[in-house]
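Per-entry structural report
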Amino acid sequence: MENKFLIDLSVKYGLDDQQLSKVADMTYQLGHYEIKSREFQRAATYMCKMKLVDLPPEELLEEMKRKGFGGDA
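The following refers to the structure shown. All figures in this text were calculated on a predicted structure; none of them were measured in a lab.

When helices and strands are counted, the protein shows four helices and zero strands. Moving toward the C terminus, one meets the helices and strands of the protein in the order α-α-α-α. A compact globule built from 73 residues should have a C-alpha radius of gyration of about 11 Å, and the protein, at 11 Å, falls within 12% of that. Each principal axis of the C-alpha distribution contributes one length, and for the protein these read about 25 × 25 × 15 Å. Relative to its 73 residues, the protein shows a buried fraction of 40%. Counting every atom, the protein has about 4800 Å² of accessible surface; 48% of that belongs to carbon and sulfur. Mean positive and mean negative side-chain charge positions of the protein (11 and 13 charges, respectively) differ by 8 Å.

Quick look at the structure:
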């Protein structure tokens, strides 16, 4: 992925390629499709900051929705 935001996120939170792909995928599933959008970046950053990346996908999505980061998915 050659997006500056995703690269910065990877470096800041020490994510490997698989984790970074999961962050992007989970954020898409929350209904945020544009990487450059504020909503996408807020959700992805929160996911990393709160160390939710290693949760199983269902739990991660549930927690993100509970915190108001999605619901259309």
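Take the packing of aromatic side chains next. For the coordinates displayed, the defined rule picks out two aromatic pairs. Plain terms: the ring middles of Y28 and F40 are 5.6 Å apart, the flat faces sit at 55° to each other, and that makes the pair tilted. Residue Y28 is found in helix α2 (residues 17-29), and its partner F40 is found in helix α3 (residues 38-49); the two are separated by 12 residues along the sequence. Judged by its relative accessible area of 30%, Y28 is partly exposed. Under the relative-accessibility criterion, F40 is labelled buried at 0%.

A separate point is the environment of R42. Mapped onto the elements, R42 comes out in helix α3. The exposure class assigned to R42 is partly exposed, which follows from its relative accessible area of 43%. Between the C-alpha atom of R42 and that of F69, which follows or precedes it by 27 residues, the distance is 8.3 Å.

Rules of the game
- By convention here, each chain's residues receive numbers from 1 onward along its written sequence.
- Whole-chain, interface and lining totals are the exception, using all residues; otherwise, since this is a predicted model, local features are given only for residues with pLDDT of at least 70 and side-chain atom pairs are given and counted only at 80 or more.
- Hydrogens and water molecules were not included; the side-chain quantities draw on all heavy atoms of the structure.
- For the purposes of this entry, the term helix denotes a DSSP run of H or I that reaches at least four residues, the term strand denotes a run of E that reaches at least two, and both are numbered from the N terminus.
- The reference for a compact globule is 2.2 Å times residues^0.38; the radius of gyration itself is calculated from the C-alpha atoms.
- Each residue's exposure class comes from its accessible area (1.4 Å probe, protein chains only) as a fraction of the maximum for that residue type: buried when under 20%, exposed when over 50%, partly exposed otherwise.
- Per-residue accessibility takes into account occlusion by the displayed protein chains alone, with areas from the Shrake-Rupley method and a 1.4 Å probe.
- We score Asp and Glu as negative and Lys and Arg as positive, and we do not count His or the chain ends.
- Where a charge lies is defined by one atom per residue type: Lys uses NZ, Arg uses CZ, Asp uses CG and Glu uses CD.
- When the centres of two rings from Phe, Tyr and Trp lie within 6.5 Å, Trp using its six-membered ring, the rings pair. Their planes under 30 degrees apart give stacked, over 60 give edge-to-face, and anything left gives tilted.

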